Structures are given as structure tokens and as C-alpha cells.
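Structure assessment
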Amino acid sequence: MAPSCGTGNHPSSLIPRLFIRRLGSIKAGESLSQECDDSNFQVLDFPGGKVNFSSELRFLSESPLERISCYRVLDDYGQIISASNFQQVRKEIALKMYSDMVTLQTMDTIFYEAQRQGRISFYVTTIGEEAINIASAAALSIDDIVIPQYREPGVLLWRGFTLQEFANHNFGNKYDSGKGRQMPVHYGCNKLNYFTVSSTIATQIPHAVGVAFALKMDKKNACAITYFGDGGTSEGDFHAALNFAAVMEVPVIFFCRNNGWAISTPTTEQFRSDGAVIRGQAYGIRSIRVDGNDALAVYNAVHAAREMAISECRPILVEALTYRAGHHSTSDDSTKYRPLDEIEHWRTARDPVSRYRKWIEGNGWWNDEVELNLRSNVRKELLQAIQAAEKTEKPALAELFTDVYDQVPSNLREQEKLLRETIKEHPGDYPPDVPV
Amino acid sequence: MAGALQAATAALLSSTPLKTYGSDRLRLGSAPRSLAGRKGSFLVVRSDAGFGSGSNARTRPGKLIPNAVATKPDASASSTSSKPGHELLLFEALREGLDEEMARDPRVCVMGEDVGHYGGSYKVTKGLADKYGDLRVLDTPIAENSFTGMGIGAAMTGLRPVVEGMNMGFLLLAFNQISNNCGMLHYTSGGQFTIPIVIRGPGGVGRQLGAEHSQRLESYFQSIPGLQMVACSTPYNAKGLMKAAIRSENPVVLFEHVLLYNLKERIPDEEYICCLEEAEMVRPGEHVTILTYSRMRYHVMQAAKTLVNKGYDPEVIDIRSLKPFDLYTIGNSIKKTHRVLIVEECMRTGGIGASLQSAIIKEFWDYLDAPIKCLSSQDVPTPYAGTLEDCTVVQPAEIVKAVEDLCK
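Residues numbered from 1 in each chain as written. Chains lettered and ligands numbered in written order. Predicted model: local features only at pLDDT ≥ 70, side-chain atom pairs only at ≥ 80, totals over all residues. Heavy atoms only, no water.

**Some details on the overall build of chain B**
A tally of regular secondary structure across chain B gives 13 helices and 14 strands. Across the 408 residues in chain B, those meeting the buried criterion constitute 61%. In chain B, the share of contacts with a sequence separation of at least 24, taken over all contacts with a separation of at least 6, comes to 82%. (Helix = DSSP H or I, 4+ residues; strand = E, 2+ residues; numbered from the N terminus. Buried < 20%, exposed > 50% of the residue type's maximum accessible area, 1.4 Å probe, protein only. Contact = heavy atoms within 4.5 Å.)

**Some points on the overall build of chain A**
Within chain A, the secondary structure is distributed over twelve helices and ten strands. Intrachain contacts of chain A at a sequence separation of at least 6 include 71% that bridge at least 24 residues. With an accessible surface of roughly 20,600 Å², chain A has 53% of that area assigned to carbon and sulfur atoms. Side-chain charges of chain A comprise 46 positive and 55 negative groups, with the mean position of each set lying 3 Å from the other. (Areas by Shrake-Rupley, 256 points an atom, 1.4 Å probe, with all protein chains shown as cover. Lys, Arg positive; Asp, Glu negative; His and termini not counted. Charge placed at Lys NZ, Arg CZ, Asp CG, Glu CD.)

**Quick look at the pairing of strand 6 (residues 252-258) of chain A**
Residues and elements named next belong to chain A. Of all the seven residues making up strand 6, seven are buried; the element is thus mostly covered by neighbouring parts of the structure. The two faces of strand 6 match: Val252, Phe254, Cys256 and Asn258 on one face and Ile253, Phe255 and Arg257 on the other face are all buried. When strand 5 (residues 224-229) meets strand 6, the two strands line up parallel, connected through six bridges. Opposite alanine 224, over in strand 6, you have valine 252 as the bridge partner. The β-α-β motif built from strand 5, the intervening helix 6 (residues 236-248) and the parallel element strand 6 has right-handed crossover chirality. Looking at chain direction, strand 6 and strand 10 (residues 316-321) are connected through six bridges and run parallel. Within strand 10, the position partnered with cysteine 256 by the bridge is glutamate 319. (Pairing = 2+ DSSP bridges. Right-handed = clockwise from strand over helix to strand, strands pointing away.)

**Some points on the sheet that holds strand 3 (residues 137-139) of chain B**
Residues and elements named next belong to chain B. Here seven strands make up an open sheet; going across it, the order is 3-2-4-5-7-6-12 and the pairing mixed. Each of the sheet's edge strands pairs with one partner strand only, and the pair in question is strand 3 and strand 12 (321-323). Each neighbouring strand pair of the sheet contributes to a mean axis angle of 20°, computed without reference to strand direction. One ladder, built from three bridges, connects strand 4 (residues 160-164) with strand 5 (residues 198-203); its direction is parallel. When the sheet's bridge partners are listed, valine 162 is paired in strand 5 with valine 198. (Axes fitted to C-alpha atoms, helices over the stretch in contact; angles between N-to-C directions.)

**Description of the pairing of strand 2 (residues 108-112) of chain B**
Residue and element names in this part refer to chain B. Burial analysis of strand 2 places five of its five residues in the buried class, which makes it a mostly covered element. Residues Val108, Val110 and Gly112 point to one face of strand 2 and Cys109 and Met111 to the other, with burial holding for every one of them. With five bridges connecting them, strand 2 and strand 4 associate as parallel partners. The partner of glycine 112 across the bridge, within strand 4, is glutamate 164. In this sheet, strand 3 lies alongside strand 2 in parallel orientation, the contact comprising three bridges. Its bridge partner being in strand 3, glycine 112 is matched across the sheet by aspartate 139.

**Let's talk about the interface of chain A and chain B**
Many descriptions give the size of an interface as the accessible area lost when the pieces come together. Listed as interface residues are 48 residues of chain A and, on the opposing side, 48 residues of chain B. Interface area, chain A with chain B, both sides summed: about 4,100 Å², of which 63% is carbon and sulfur. Close ionic contact of Lys362(B) with Glu414(A) constitutes a salt bridge, the shortest N to O distance being 3.2 Å. In this assembly, chain A and chain B are joined by 17 residue pairs in polar contact (both at pLDDT 80 or more). Mapped by element, the contributors of at least two residues to the side of chain A that touches chain B are helix 5 (204-217), helix 6 and helix 12 (410-425) of chain A. In terms of residues, the side of chain A that touches chain B owes the most to one element, helix 5 of chain A, which gives nine residues. The class makeup of the residues in the side of chain A that touches chain B is 22 nonpolar, 16 polar and ten charged. (Buried area = accessible area lost by both parts, 1.4 Å probe. Salt bridge = Lys/Arg side-chain N within 4 Å of Asp/Glu carboxyl O. Polar contact = N/O pair within 3.5 Å; in protein donor to acceptor, adjacent residues only side chain to side chain. Nonpolar A, V, L, I, M, F, W, Y, C, P; charged D, E, K, R; others polar.)

**Here we look at helix 5 (residues 175-182) of chain B**
Among all positions in helix 5 of chain B, only Gln177(B), Ile178(B), Ser179(B), Asn181(B) and Cys182(B) are buried. Tucked into the core, helix 5 of chain B has its buried residues touching helix 5 and helix 6 of chain A together with helix 4 (144-156), helix 6 (185-188), strand 5 and helix 7 (218-221) of chain B.

**Structural notes on the packing of helix 1 (residues 91-116) of chain A against helix 2 (residues 130-138) of chain A**
Residues and elements named next belong to chain A. Here helix 1 crosses helix 2 at 140°, and the two axes come no closer than 9 Å. When you trace helix 1 past helix 2, the crossing you get is right-handed. Where helix 1 abuts helix 2, its residues Ile93, Met97, Asp100, Met101, Leu104 and Gln105 lie against Glu130, Ala131, Asn133, Ile134, Ala135 and Ala138. Tallied by class, the residues present in the contact of helix 1 with helix 2 amount to eight nonpolar, two polar and two charged. (Left-handed = near helix turned anticlockwise from the far one by under 90°.)

**Concerning the domain arrangement of chain A**
For chain A, the assigned domains are domain 1 (91-391) and domain 2 (398-429). Averaged C-alpha coordinates put domain 1 of chain A and domain 2 of chain A at centres separated by 37 Å. (Domains from an automatic or database assignment.)

**Comments concerning the environment of Met97(A)**
Residues and elements named next belong to chain A. For methionine 97, the location among the structural elements is in helix 1. The exposure class assigned to methionine 97 is buried, which follows from its relative accessible area of 0%. Separated by 256 residues in sequence, methionine 97 and valine 353 have C-alpha atoms that sit 9.9 Å apart. Setting aside its immediate chain neighbours within four residues, methionine 97 contacts Val89, Ile134, Ala135, Ala138, Trp158, Ala295, Tyr299 and Tyr356.

**Side note on the sheet that holds strand 11 (residues 314-318) of chain B**
Residue and element names in this part refer to chain B. Taken in spatial order, the five strands make up an open sheet running 9-11-10-13-14, and their pairing is mixed. What marks the edges here is a single partner per strand, and that holds for strand 9 (280-283) and strand 14 (373-377). Along the sheet, successive strands turn relative to each other by an average axial angle of 25°, direction set aside. Against the sheet, helix 11 (residues 352-364) engages strand 10 (288-292), strand 13 (340-347) and strand 14, with an angle of about 150° to strand 13.

**As for the UniProt feature "domain: Dehydrogenase E1 component" (unreviewed entry) in chain A**
As annotated in UniProt, the feature "domain: Dehydrogenase E1 component" (unreviewed entry) corresponds to residues 101-396 of chain A in the numbering used here. The span residues 101-396 of chain A is 46% helical and 11% strand by assignment, and the distance between its end C-alpha atoms comes to 35 Å. (UniProt positions renumbered as here; feature names shortened; annotations may be inferred.)

**Points about the packing of aromatic side chains**
Applying the stated criterion across every chain yields a total of 17 aromatic pairs over all chains. Ring geometry for Phe195(A) versus Phe193(B): centroids 4.9 Å apart, planes at 55°, classification tilted. Taken as a pair, Phe195(A) in the loop between helix 4 (163-171) and helix 5 and Phe193(B) in the loop between helix 6 and strand 5 lie in two separate chains rather than in one. One exposure class covers both Phe195(A) and Phe193(B), and it is buried. Here Phe221(B) and Phe255(B) contribute two aromatic rings whose centre-to-centre distance is 6.5 Å and whose plane-to-plane angle is 45°, an arrangement assigned as tilted. Of this pair, Phe221(B) sits in helix 7 while Phe255(B) sits in strand 7 (residues 252-257), and the two are 34 residues apart along the sequence. By the ring-pair criterion, three or more aromatic residues cluster together here, those being Tyr98(A), Tyr356(A), Trp359(A), Trp365(A) and Trp366(A). Over the ring of Trp346(A) we find Arg350(A); its NZ or CZ atom is 4.5 Å from the centre of that ring. (Phe/Tyr/Trp six-rings, centres within 6.5 Å; stacked < 30°, edge-to-face > 60°. Lys NZ or Arg CZ within 6 Å of the ring centre and 35° of its normal.)

**Quick word on the state of the cysteines**
By the definition in use, this model includes zero disulfides over all chains. Free of any disulfide, Cys223(A) has its nearest neighbouring cysteine sulfur in Cys313(A), separated by 11 Å. The thiol of Cys232(B) is unpaired, and the distance to the nearest cysteine sulfur, on Cys274(B), comes to 9.8 Å. Overall, the relative accessible area of 1% leaves Cys232(B) in the buried class. (Disulfide = S-S within 2.5 Å.)

**Some words on the nonpolar core**
In terms of nonpolar packing, the biggest core is built from 82 residues, with Phe213(A), Phe254(A), Phe221(B), Phe255(B), Leu291(B), Ile319(B) and Ile360(B) touching the most fellow members. Looking at this core element by element, the count peaks at nine residues for helix 5 of chain A. In contact with Phe213(A), other than residues within four places in its own chain, are Val250(A), Cys109(B), Met111(B), Leu135(B), Leu138(B), Met150(B) and Leu159(B). (Core = buried A, V, L, I, M, F, W, Y, C linked by side-chain atoms within 4.5 Å.)

**A short note on unusual backbone geometry**
The linkage connecting Lys323(B) with the following residue, Pro324(B), adopts the cis geometry, with an omega of 5°. Note that Pro324(B) resides in the loop between strand 12 and helix 10 (327-337). Unlike most non-glycine residues, Cys313(A) shows phi in positive territory, near 50°. With respect to the secondary-structure elements, Cys313(A) resides in the loop between helix 8 (295-312) and strand 10.

Right, dumping it as C-alpha cells:
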């Protein structure tokens, strides 16, 4: 009897098709044949492998009986779960992780306040996702190329972007590596292998496939990693990029920060699948779901994903379950569409930073005094950085026209001339902190 | 029609010197216009002793010859040392340019649908996968936004991808990546990341390909800052522009035309490049400046024959560079003739012609003796019926009438 494989195959005839294999020899591929071992057992030799027939008219269920389980190492109280399968983190790395998580938290608080005071125009916080940011960065090497969405400044922080550099960018002054051209939080630093943030959702996912392709061509011992949210998985670019990565066998980690909300759209209105992880298999990609608020779990998952991606030259999908404890951005007030107690619960009982702190304190590596010192030092440094950034002048007018092309073309030079003439005639209408 | 195109090409070669300006280092905006007096002089290449021998010449990268010109059959005695060149079709010229650049620079790669072993829908990449491998000539699944995005990511990481759209119309799906990332990321990253990508494919009205496959994407892309656009029209400039586009540090969109792929021409064996920002003087004249590009060049040249018989002397310029316009060449022509006719395949509204008119009015208003005339396609989707399709494309008879009206 043909075993029921539950694929709901129609027993009707399938039109035979020749297909040409892309890799390896260019011989004409398999032709369809129906083998008859005995009159009751028939198998379809189809491109991609043998397919069993079934006489049951059965449809695959739209959702599995159980949701895909979630990997975690630390429990809610910061204790290692005894059955946990994980790699021990060295003390220096563990402490840098915590210190960077605290720095990120402080950075978020202060820059958010600065925006509210009108000192910067816009800001996006990472509150609740500190573990994702820092722990994933810690598991990578500096040669791995990061293609971010916009809620991952922690990766830059881990790699060495200074608080002054963050401030310079957000104030758009002349020391900004982006030359003041982008909104705040659209950081980019090619020295640290961190691609400049582009506001558009999910456009960075195919970029990451291209980056991984380049790394594969150059046979580098590095991978690409791209981050996106639950909302980003609805974009066409997400699906096509995952498909491409699987077909082309490139070393890329697709990291989905499933934080429950896409501005005001909850995940129940974003998709009906079991999150993002379930989709990996649809594209032929190895995937894992991990507790995004557990720094050690994120560290381990990314570490393992990176090894597999590079050694086997394949894409890996990591879905981290977490919560966007802050607003979408400074232009949003999330209390309008979600209950206050939900936000409070995730900010306190499920906070990734305090959970991780319990673990390092449990190891005897941390105490209250060190905590206080760290927080006050970071705060002081940040306030100084902001003051300095605020006072620094903006990029010169000429930078409005450079970098559109590799050299400034004649039409832009002409437009610059026109602009300068206008400024000369009406200096009062021109901002005083932009050098001409 | 193909016969007419061949005839037009032959007429081109015999009556006009191909004036092309090649330089080793291409700069957008820099214009070392040392080529004095763009009159009918004919520069002939003298090949160096150690450079390029026989059949190896076209594949061996060596010193670039600026002003390379295919020699005429009745070339003067001083050109005895130059090679006769070789004949090929436009799609082969594109392939040759691509092949040479891939051999020269291992970072150049191709990605697109069916470009690998299938060789591309118009055979531009035929044989390249066998030569350079599956990784450098990459077949992609059907998702234009995605493989264009992939090309952008690869470019930012140091590769030099050539992305092929099976038809320019399909690149509408890639508009997000082309506009938001390709054109912008060099600027928004503060110059940290460059995107030396080439996006190419066939467009324009073909032979009853239907509305969706007869689009003129140059109208839609022309506004995107950070992009450069060129349109090839002959095997000579197709190869030259392909090579120049690949070497450019800026993202370049290379527009090919579905009906021009089988044009035959004799091109030099020596390596050469066409300048991306330059227009091509097809036929110098005195009475009227006719600005055109891509397939319309041939309709214009056909009309030019009739016009010459009627006693007119049109100056025909193939603008080639759609973004930015070569206002230097165009301006010099207008200063001489004072009358302008633009012949394009774009729609009346918002096409290249509309922008060109606007630029000319702004720069050369004082030199015009008559309003600018612009012949374009109507603002309708291209119909499938052959007779109707012909009505939407500017025909030589209309061009003749327009010149007559202009010169009254």
C-alpha cells in the first residue's frame, strides 16, 4: 500500500516536465516516470525527489497542533535551566554584554528625552530588545556584515561605535558619518561592517542575500546577518529573499525580532502563520525560535547559526520572541492601541536586562555598587556627548550636493551656484548653524 | 522592417564618421572637450606595435584607444597598420563588452532570470555561464525587487553586478530598490558605501509584444537622483556603453531596445569605451537639430534621406545619455541651427522629450527661432494589433513633415 504522506496529492495525472539542473552538469534532467512495483504501489518521480501517492483526500492543516517551541537558557529569574543545552560564555564577554545592555538602555532613555525636549527631531528606542541587540552582536565576529532594519543600534554599540558618534549622527552635525543626510537612528559605519539604515521595511533582506553572495564568491570566513521585525515578514522582499538564499546557498542569518507589534498592528493581524519561524521550512531553510529576552539563548542560537551558515554555506532563520516595550518611535504613543498593564508587565517582569543581571550577580560577577557606577558614568558621558554634539556645527552646504554621484556633475554644480546666490541675497532666511 | 534597419545602418556608416570619445577614466560632469571642431574629420586608429594581434585583439585587455573608429573600406594609406575590425550583431556586441569586463575584473558578475545556461532571453549572456561559472552568471528566481536588491547588497560589499531585467517593464517591480536604495544609499551613507551596479534590459515598443512588454522605463526613472541612464543604439555604442557602465562607480541603467538586437555593424578589434555622458553626432547639418535616441534614431535617419532629397540639411544627434543630458553637444547644435525637433518613443506626458524640451528652453531660449517640436507616442498603452501599434510609434513620414513645418 502506498503510505499516506498527508500531502493531499491528487491521484490525477501530472504533466511530465523536463527540467534543466542549474548546478553541475547541464545534461537534460530527470524525466517523469511512473514506476509500477506492483499494481497498488506507485510513486511519482518528480523534480525535487520521489513523491508518494495517497488515496486519502486529506488537506494539510492550516496550523500545526502545537506551536514551535522556544529555546531558552535562563528562566524568568535569571537561573540556568538545568536541562539547557548551551555554550558557556567567558566572563569578560558576559560582563561586556551586560554593560552594553545597560548602555543601550541609558542611551535610549536620554535620547528619547532629548527628542521630547526638541533637541533632536526623531528617535527610535530599543526598549525590551536589548538582549537581542547585544547578545546577537556578541555571537558574531567583526567580519560578519550587518544589514539592519532600524532597531539594532546595540550591534553598532557592541562593535565600538562611541556614544559621541551616536550623538553626532542624531544631531546631524559635521562629524556624522552619514554627513547629516539621514534621519536620526539611521546609523551606518562601513568600518564596523554595519550597513547604513534605510527606512524602507524589508528592503535590506535581499541586500543581505547579495552580501552573503559576495562573501561566498570571495570564500570569506564570515556571514551576513540581517534583522527585521514581525511586520517586515509580510513584505514581498522577505519571501523572495528567503527563497533566493535557499536556492543560492549563501551564508546569511535572517534574524526576525518578533516583538508583537508593527506600530499599531499586532501579530494576529499581521499573519496567521505560527510566527516567522514556521515559514523557514516552506523555503527550505533551517530555522529556530528563541526567547528574545534571554541573552544567553540569543547568544547561543546566533553562535550556532553562524557556524552552520558559514561551514555549510546555507541560510538560517532565527525568530526571537520578544516585546516592543517602548513606542514604535517618538511619533507614536502606543498606549493608544495597547493596554498599559501589558506594557508594564513586559517592562518589569520580563525585562531582559534585569533577568540577565540576576544571572551575572548569581555568578558573583556583579553587584549594586558596580551597577550604580556604570549607570551614572554612562549617563554622564551621554549628556556630555549630547552637549558637544549640539554645539558642533552642521555639515557645510557643499555636502548637499556631494555623494549623489562619485563626482559632482555639472547640473548639480549649477544648482549649488543658484542656491548660494539665493542665500547671499536673503541671508536672514538661511539657518545660522549651517556653514556656507 | 529589419531590412530597413540594416540599410539605415549601412547608410550611417558610409555617410557619417562615428565620433566617439573614449577615455580611460570616466568622470560624470568633467568635460575635457579637447576635440576641436566637431566637423567631418575622420580619425583613424594607428595600433601600437605590441598591441593586439589578430584575433586576440578583442579579448586581450590592453591600452585603451581613445577615439577608436571603425575604418571605412576606402580608408587612406596612413591607416594600413590598423585592423579591419570585426562584424557582429548588437546583442553580440553587448556580450563582447560584458565578456571583456568580466575577464578584466573578477568582481564583475551577472544576475537575472535565465541568464545562466539559457543564455538570456535575448542571448546577451550566452556562453558566459560556461566560461565564468554558475556563481558569476547567476540565475535567479522570479522576483525583480529581490534580485535587484541582492545586486545592491553585493555592490555595497565590493562586487560589480550587472543586473538583467528580462524586459525593462519588469523592472517596475524593482522600482523600490532602484529608487530608494540604489539611487540613495551612496548619499545617505555619507559616501561610505558605493553602488557600482549596472541595470540593463530591453525596453521600448517591439513587434506586437502587448502593452505590458512595450514600456519606456526611461520616463519613470529619469527623476531618481543618484542614477545615470544611457541608451544604446548601435553595436559600437552598445559595447562601449556596456563597458563604461560597468567601470562607472555610479549606478547606471542601460536601456537596450527589443528591435535593435540584430543590428549588424563592423566594430574595432581594439578595446574602446564610449563616454557615458556624451551624445553622438550621427549626421552633421545646418538647418535643424533633430534629437533622438535608441530605435527612433533609425526612423530619423530614414526620414533624413527623404529630407536630403527635398533639399534640407538636418543635423541628427543621438543623445545617448538620458540622464544627464549632454547639453554641451546639444547646445552647440542649437546655436548653429536655431531649430529643434525631438523624436522619441516615450509618451507625450512626462517622457524624456518633455524633460529635454524643458532643459533646452531654460538654457538655449535665446537661440531658438521656432518653438521646439517634440514627436512622441500618444498617452495610450501600446495596443497589440500591429496596425494600431505602428500608429503609436513615430514614423519617418511624420518626422519629414515636422521638419518641413519647422523650417517654413
